[in-house]
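Below, each chain spelled out in residue letters.
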Amino acid sequence: MRHVLLATSVALVWAAPAGAQSETTNQAIDQQLGDHTKYEAVIKALQTAVAAHDAAGVAELVSYPIGVSVNGKETHIRSAKAFAEHYDGIFTPSITKAVTDQKYEDLFVNYKGIMFGDGQVWINGICHDNACKEFDAKVVTIQEGPGK
């Protein structure tokens, strides 16, 4: 059933008038993942930090540990400090472009999270309790897109 809801949500994003597109994205996030306001805040903070080349700011938005490619070598980053130190090797020009060029109303949303670009970055909720009533939205995946 979730796949049916997702397909409907994605179709509405493309078919809705410009003013309704953000609402459709918010509805998809609410249905698939939970409170869209938590995700929207992280999405905007991520885009702002990446555009400003704020390594420490981006690092605070990531869930650790995280497996990433640093200058082409698969690496497990265990802390915000280590992430910031390796930022330039992680956030390649294509990953940076995927984040900064992403329009909120065009985000792909499903039960696995929120996708930027062609899958270069994913955000999802990190639960603080078994029912996942309390969660933080965090970056959970950073990778090169298809063909890289």
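So, here's what we can say about the structure. (Residues numbered from 1 in each chain as written. Predicted model: local features only at pLDDT ≥ 70, side-chain atom pairs only at ≥ 80, totals over all residues. Heavy atoms only, no water.)

What follows concerns the pattern of salt bridges. Considering all chains together, one arrives at three salt bridges under this definition. Among the salt bridges present, the one from Glu-40 reaches Lys-44, with a minimum N-O distance of 3.1 Å. Here Glu-40 pairs with Lys-44, and both are found in helix α3 (residues 36-51), just four residues apart, close to one helical turn. The exposure class assigned to Lys-44 is partly exposed, which follows from its relative accessible area of 46%. In this structure, Glu-85 engages Lys-81 in a salt bridge whose closest nitrogen and oxygen atoms are separated by 4.0 Å. Of this pair, Glu-85 and Lys-81 both sit in helix α5 (residues 80-85), separated by four residues, roughly a single helical turn. Both residues of the pair, Glu-85 and Lys-81, belong to the exposed class. (Salt bridge = Lys/Arg side-chain N within 4 Å of Asp/Glu carboxyl O. Helix = DSSP H or I, 4+ residues; strand = E, 2+ residues; numbered from the N terminus. Buried < 20%, exposed > 50% of the residue type's maximum accessible area, 1.4 Å probe, protein only.)

Let us look at the packing of aromatic side chains. Evaluated as defined, the whole model comprises six aromatic pairs. Where Phe-83 meets Tyr-87, the ring centres are 6.3 Å apart and the plane angle is 65°; that geometry is what we call edge-to-face. Of the two residues, Phe-83 and Tyr-87, neither departs from the other in class, the shared state being buried. Geometrically, the ring pair formed by Phe-108 and Trp-122 is edge-to-face, given 6.3 Å between the ring centres and 85° between the ring planes. Of this pair, Phe-108 sits in strand β3 (residues 108-110) while Trp-122 sits in strand β5 (residues 121-127); the two residues are 14 residues apart in sequence, bridging distant segments of the chain. Residue class for Phe-108 comes out partly exposed when judged on its relative accessible area of 27%. Through a chain of ring-to-ring contacts, the aromatic side chains of Tyr-64, Phe-83, Tyr-87 and Phe-91 assemble into a single cluster. The cationic tip of Lys-38 hangs over the ring face of Phe-135; the distance from NZ or CZ to the ring centre is 4.4 Å. (Phe/Tyr/Trp six-rings, centres within 6.5 Å; stacked < 30°, edge-to-face > 60°. Lys NZ or Arg CZ within 6 Å of the ring centre and 35° of its normal.)

Glancing now at the sheet that holds strand β6 (residues 135-142). Read across the sheet, four strands follow the order β3-β4-β5-β6 without closing on themselves; strand pairing throughout is antiparallel. Each end of this open sheet is capped by a strand with a single partner; those strands are β3 and β6. Strand-to-strand twist of the sheet, defined as the mean angle between neighbouring strand axes without regard to direction, takes the value 25°. Across three bridges, the pairing between strand β4 (residues 113-116) and β5 is antiparallel. Across the sheet, residue Phe-116 finds its bridge partner in β5, namely Val-121. (Pairing = 2+ DSSP bridges. Axes fitted to C-alpha atoms, helices over the stretch in contact; angles between N-to-C directions.)

What follows is about unusual backbone geometry. A cis amide bond links Tyr-64 to the next residue, Pro-65, at an omega of -5°. Of note, the phi angle at His-53 is positive, near 55°, even though the residue is not glycine. With respect to the secondary-structure elements, His-53 resides in the loop between α3 and α4 (55-59). His-53 gets classed as partly exposed once you look at its relative accessible area, which sits at 48%. The phi angle at Asn-71 is positive, at roughly 50°, despite the residue not being glycine.

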